[in-house]
Amino acid sequence: MKWQASAPSNIALIKYMGKADTQSNTAINDSLSFTLNHLYTRVELEITDNKKDQWQALEGTDLYPIVLNSQSQARFLQHLNFLKQHFNFNQNFMVRSGNNFPVSAGLASSASSFAALTQCATQAICELQQRETLPPATLAQLSQQGSGSSCRSFFSP
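Below: a short report on this structure. All figures in this text were calculated on a predicted structure; none of them were measured in a lab.

Let us look at the overall build of the chain. Helices and strands together make up the secondary structure of the chain, namely 3 helices and 6 strands. N-terminal to C-terminal, the α/β element order of the chain is β-β-β-β-β-α-β-α-α. Per-residue burial for the chain yields a buried fraction of 45% across its 157 residues. Of the roughly 8,700 Å² of accessible surface on the chain, 48% is carried by carbon and sulfur atoms.

This is the structure in structure tokens:
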């Protein structure tokens, strides 16, 4: 079985400066961003028999090549593990992700990546556990655990 989700990038016009609560990734101050619906990250999940979750770059004609170093992969998969623990889910996934815009271009690619991962993982887990899907505000709160700015990718314009 395969699941796919995408989330838009955003650009911060006023950035948050520090965290009020590091455990929940809550910002000290409000921020203002502009959601870029035509620039997005796409995530695919597939159940795997591997002993742990793994990440690969998602390839497609509309996607830029993406390379995550081991630290970035670990952070991304750690968020997936957080989501699996939240739902008491113990199967493993092959995670594939890609952007239709270049990384390190000043856009919030990690925000859209964590938002897309959160959407895709919760969709997959809710379907497999026969649960109702979660509303955007709840997804944003879960996603914020992995990337504080990812919560902005759930609301547009």
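Let us keep going from here.
Contact pair helix H2 (residues 109-128) / helix H3 (residues 136-144): the axes reach a minimum separation of 9 Å and the direction vectors enclose 120 degrees. Regarding the angle of H2 to H3, the classification is oblique. Between H2 and H3 lies a crossing of right-handed hand. Each of Phe114, Ala115, Thr118, Gln119 and Thr122 in H2 lies in contact with H3, whose residues at this interface are Leu139, Leu142 and Ser143. When its residues are assigned to classes, the contact of H2 with H3 shows 4 nonpolar, 4 polar and no charged.

In the case of a regular strand, side chains alternate between the two sheet surfaces. Judged from the 12 bridges that link them, strand E1 (residues 2-14) and strand E4 (residues 32-48) form a sheet pairing that is antiparallel. By the bridge assignment, Gln4 is partnered in E4 with Glu44. The pairing of E4 with strand E6 (residues 92-99) spans 8 bridges and is classified as antiparallel. Bridging across to E6, Ile47 finds its partner in Phe93.

Before going further, it helps to spend a moment on the nonpolar core. Formed by 28 residues in total, the largest nonpolar core has its most connected members in Val43, Leu45, Phe76, Leu80, Phe93, Val95 and Leu117. Sorting the residues of this core by element identifies E1, E4, helix H1 (70-86), E6, H2 and H3 as the ones contributing at least two each. It is H2 that provides the largest number of residues to this core, a total of 9 residues.

Turning our eyes to something else, we now look at the environment of Ser109. Relative to the assigned elements, Ser109 resides in helix H2. Along the chain, Ser109 and Ile11 lie 98 residues apart, while their C-alpha atoms are 9.4 Å from each other. In contact with Ser109, other than residues within four places in its own chain, are Ser9, Thr41, Asn99, Phe101 and Val103.

Rules of the game
- Residues numbered from 1 in each chain as written.
- Predicted model: local features only at pLDDT ≥ 70, side-chain atom pairs only at ≥ 80, totals over all residues.
- Heavy atoms only, no water.
- Helix = DSSP H or I, 4+ residues; strand = E, 2+ residues; numbered from the N terminus.
- Buried < 20%, exposed > 50% of the residue type's maximum accessible area, 1.4 Å probe, protein only.
- Areas by Shrake-Rupley, 256 points an atom, 1.4 Å probe, with all protein chains shown as cover.
- Axes fitted to C-alpha atoms, helices over the stretch in contact; angles between N-to-C directions.
- Parallel < 35°, antiparallel > 145°, perpendicular 65-115°, else oblique.
- Left-handed = near helix turned anticlockwise from the far one by under 90°.
- Contact = heavy atoms within 4.5 Å.
- Nonpolar A, V, L, I, M, F, W, Y, C, P; charged D, E, K, R; others polar.
- Pairing = 2+ DSSP bridges.
- Core = buried A, V, L, I, M, F, W, Y, C linked by side-chain atoms within 4.5 Å.

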